[in-house]
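Summary of the model geometry
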Amino acid sequence: MARRRTRATSHADGRGGLLSAIVEFDSVGLRYGTGAEVLRDLDFRLAKGAFYFLSGPSGAGKTSLLQLLYLARRPTRGRIRLFGEDLTDASRDVLPDFRRRIGVVFQDFRLVRHLSAFDNVALPLRIAGKSDAEVEGPVREMLAWVGLADRASARPPTLSGGEQQRVAIARAVVSQPELLVADEPTGNVDSEMAARLLHLFTALNRLGTTIVVATHDVGLITSTPGARLMRLEKGTLADPTGALRNPPAEPVRAR
Amino acid sequence: MKASFFDASEAENRLLPGGTFRGPTPYVIAIMTFVMMIVAAAGLALANAAGVVANAVEHRYVLQLPDGRDGKLEQAVTAARTLRGVTSVEPVPEEQMRRTLEHWVGPGGLGEELPVPAIVHLDLAPGANASAVAESLQRAIPGGRFIAEQATVQPLLGSLRALRWLAVALVLLMAAATSAAVVLAARSALDTHRSTIDIMHGIGATDAQIARLFQRKIALDALVGALAGAAIAAIALLIVGGGGAALARDVAGTTPLRTGDLFLLALMPLAAAVLATLVARAAVLSALRKAP
């Protein structure tokens, strides 16, 4: 799987190292309507090619944070840079290009109910303008990887919750995104399938994709060496060491 | 998603299930196109009729004499025939005038002592100076009135022209109503497929890509509806207007609708389909822009 070049920004870390950030949040806040802020003062940078887990109690704002990451919402204050571009006030006409560089596994799967599993997985490639011939191979490969090769023609209502989740994951990774955002991706699968999916994520990460996984599953976190933890509590990011605001410099891993 | 406008891929067709011709759109557009074509045909026929009448009287004038007796009619005819620009002089015989007047005064009501007005029809050459002709006749026959027939039929021509513009207004009104129906159909389709649209937006589809899916479907619905409406209108025009056309050819030497008019009418269903497509695209894009 060939990788696209990510245009991430590099920042001097003050210690002679360079950090290549794919996501930068500066003093970001989010509120719905006139209510209180559900996210407050988020300051962090996600290093290109790193693997992050986002954890926190229910209602802490994990899904809202992920929505900001995959450009489904705009912050009510602060600045957000993705792939080196400030997208806080970007025209909605330019957002699709950036969304295509992000794979998303939604908590509620968001599969198109009347499309087959194959067509659901193929959707990002078709939106990107790939022909049927170009779509066939990657989609079959991805369905096989998530164990659904024999369910390619099944429609979501006929699939179990776990199967739907795997289709959603296959759709999110089929276009080899530069950033993968997953909201509770193992919530509906057994431990064996969870391990397989984690293996898929780590394989994708080794190819250069930055991964952000929101999960309650402590086992998932502990079984992923090298992954970094982001803990969200009451809308703010716990960052006692400042490692998220100013990540330690380390060479970007060659994949 | 690279297929051309009318060449949707199977995958694109699967994205918006439901197929074409299932909603009210084709039927509404068929009815609107039918009415538009009938009204437009009536408007064009009225315009042609006004043109025929106007052309027929364009160079025709009438010389009215309060009393044509004692050789005054012959004097007027002789004077008119000598004038430059006058191409024909046609007096109405006194007997005919008397018969006409007896409709009002009764048989034998016109005695020898009562004056009998006289009328002379004149045709002027195109470009002839009507004012000069009028002045010459006034000098030769004092008391005579020189009247352009165009002025006489002006109220009729005015009515025909007003009806023609009324037909244009009605066609535009129908087009507006068709557009409104398409906007409603597009919004309804968007609501039906809202979840699919949200998913497509979420994974990077542009507004234009999504709009193209809807506009293709609505365009096909509109085209089929417009062609059906046009076919029914053509049949109705043939049945209703067929006899009138033969009569008009005999009386005026022309048909109510000319070749150019028929071409214009034939373009109407295509125009309706194009209008529906553009309106659908604008409505869908406008609705999509309200999304985050």
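Residues numbered from 1 in each chain as written. Chains lettered and ligands numbered in written order. Predicted model: local features only at pLDDT ≥ 70, side-chain atom pairs only at ≥ 80, totals over all residues.

**Quick look at the overall build of chain A**
- Looking only at helices and strands, chain A has seven helices and eleven strands in total.
- Buried positions account for 44% of the 255 residues belonging to chain A. (Helix = DSSP H or I, 4+ residues; strand = E, 2+ residues; numbered from the N terminus. Buried ≥ 20, exposed ≤ 12 C-beta atoms within 10 Å, placed from the backbone.)

**With respect to the overall build of chain B**
- Counting its regular elements, chain B contains nine helices and four strands.
- The C-alpha atoms of chain B give 31 Å as radius of gyration, which overshoots the globular expectation for 292 residues (19 Å, by more than 25%).
- Seen along its three principal axes, the alpha-carbon backbone of chain B occupies a region of about 100 × 40 × 30 Å.
- Taking all 292 residues of chain B together, 32% fall into the buried category.
- Here the contacts in chain B between residues at least 6 apart in sequence split such that 84% fall between residues at least 24 apart. (Rg over C-alpha atoms; globule rule 2.2 N^0.38 Å. Contact = placed C-beta atoms within 7 Å.)

**Some details on helix α1 (residues 62-69) of chain A**
- Of all the eight residues making up α1 of chain A, seven are buried; the element is thus mostly covered by neighbouring parts of the structure.
- Among the residues of α1 of chain A, those classed as buried are K62, S64, L65, L66, Q67, L68 and L69 of chain A.

**Points about the confidence of the model for chain A**
Residue and element names in this part refer to chain A.
- Within chain A, residue pLDDT values average 84, and 87% of them lie at 70 or more.
- The low-confidence segment residues 1-8 (pLDDT under 50) makes 19 contacts with residues lying over four places distant or belonging to another chain.
- Across residues 12-18, where pLDDT falls below 50, the model places eight contacts with residues more than four positions away in sequence or in other chains. (pLDDT = per-residue confidence, 0-100.)

**Examining the interface of chain B and chain A**
- Each partner contributes to the interface: chain B provides 15 residues, whereas chain A provides 18 residues.
- Listing elements by their share of the side of chain B that touches chain A, those giving two or more residues are α1 (10-15) and α7 (194-202) of chain B.
- Element by element, the count of residues in the side of chain B that touches chain A is highest for α7 of chain B, at four residues.
- In the side of chain B that touches chain A, the residues fall into eight nonpolar, five polar and two charged. (Nonpolar A, V, L, I, M, F, W, Y, C, P; charged D, E, K, R; others polar.)

**Some words on the sheet that holds strand β8 (residues 179-183) of chain A**
Residues and elements named next belong to chain A.
- With mixed pairing, six strands are arranged side by side in an open sheet as β7-β8-β9-β4-β10-β11. Bordering the open sheet on either side are β7 (102-105) and β11 (236-238), each of which pairs with just one other strand. Each strand axis lies, on average, 20° off the axis of its neighbour in the sheet, ignoring direction.
- Here strand β4 (residues 51-55) runs beside strand β9 (residues 210-214); their pairing, made up of four bridges, is parallel. If you follow L54 over to β9, its bridge partner there is A214.
- Where helix α6 (residues 191-206) meets the sheet, it contacts β4, β8 and β9, and its direction lies at approximately 150° from that of β9. (Pairing = 2+ DSSP bridges. Axes fitted to C-alpha atoms, helices over the stretch in contact; angles between N-to-C directions.)

**Let's talk about the sheet that holds strand β1 (residues 60-65) of chain B**
All names here are of chain B.
- The strand order β2-β3-β1-β4 describes an open sheet built from four strands, whose pairing is antiparallel. Of all the strands in the sheet, the pair left with one neighbour each is β2 (86-91) and β4 (145-148). Taken pair by pair, the neighbouring strands of this sheet meet at an average axis angle of 25°, ignoring direction.
- Bridge analysis of β1 against strand β3 (residues 118-124) gives six bridges, and the strand direction is antiparallel. In the strand pairing of β3, V62 is matched with H121.

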